[in-house]
Amino acid sequence: ARVAEERAREKAARDAAEAAEALRAKTLEEQMQRLAAEQRRAELRAQEQKAEEEAKCRAAQEARGRALEEQRLKAELEDDWRRRLQKTREEKAAQLAEEAAAAEAARRREQAAAD
């Protein structure tokens, strides 16, 4: 009876040790699963952050491109305006020169008629 009791205690101790080991293994597996999930979330956050940074960079590049295009168009408009202004000045100067020449010719005719 004592031997049977001893064996029963040993079996109970083995069963308890196996149950404890199974519990530790299950707990360890759960911890590993939690760590893997946290790692996946961290990787996703890093990917999202990288995508946001890339989007900001693209937006900044596009803004610089638009600013340069606006600057180029403004310079083009200013050059066009200067050319038109110069042309208008030259036309006005030519008109005034013609009018002055016509007035001088009329004055000479009048002078010649008076002489």
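Throughout what follows, the structure given in this document is the object of discussion. (Residues numbered from 1 in each chain as written. Predicted model: local features only at pLDDT ≥ 70, side-chain atom pairs only at ≥ 80, totals over all residues. Heavy atoms only, no water.)

**Examining the overall build of the protein chain**
Heads up, the condition is: Secondary structure counts use DSSP, requiring at least four H or I residues in a row for a helix and at least two E residues in a row for a strand, with both numbered from the N terminus. With the radius of gyration taken over C-alpha atoms, the globule rule is written as 2.2 Å times the number of residues to the power 0.38. Relative accessibility under 20% of the residue-type maximum defines a buried residue, over 50% an exposed one, and the middle range a partly exposed one, all with a 1.4 Å probe and only protein chains included. Throughout, the Shrake-Rupley method with a 1.4 Å probe supplies accessible areas, and for residues the shown protein chains are the sole cover considered.
Looking only at helices and strands, one finds 1 helix and 0 strands in the protein chain. Here the C-alpha radius of gyration of the protein chain, 49 Å, is well above what a compact globule of 115 residues would show, namely 13 Å. When the backbone C-alpha atoms are referred to their principal axes, the protein chain occupies close to 170 × 10 × 5 Å. Across the 115 residues of the protein chain, 1% fall into the buried class. Of the roughly 10700 Å² of accessible surface on the protein chain, a fraction of 54% belongs to carbon and sulfur atoms.

**Digging into the pattern of salt bridges**
Our working rule: By salt bridge we mean one thing: a side-chain nitrogen of Lys or Arg within 4 Å of a carboxyl oxygen of Asp or Glu.
Applying the stated rule across the entire model yields 12 salt bridges. Between Arg83 and Asp80 there is a salt bridge, with the nearest N and O atoms lying 3.9 Å from each other. Here Asp80 and Arg83 lie together in helix H1 (residues 2–114), a separation of 3 residues that amounts to about one turn. With relative accessibility at 26%, the residue Asp80 sits in the partly exposed group.

**Here's the deal with the environment of Ala105**
Tracing the backbone through its elements, the reader meets Ala105 in helix H1. The class of Ala105 is partly exposed, set by a relative accessible area of 30%. Spatially, the C-alpha atoms of Ala105 and Arg7 are 144 Å apart, while their sequence positions differ by 98 residues.

**Structural notes on the environment of Glu5**
Within the fold, Glu5 resides in helix H1. The spatial distance from the C-alpha of Glu5 to the C-alpha of Ala75 is 103 Å, given a sequence separation of 70 residues.

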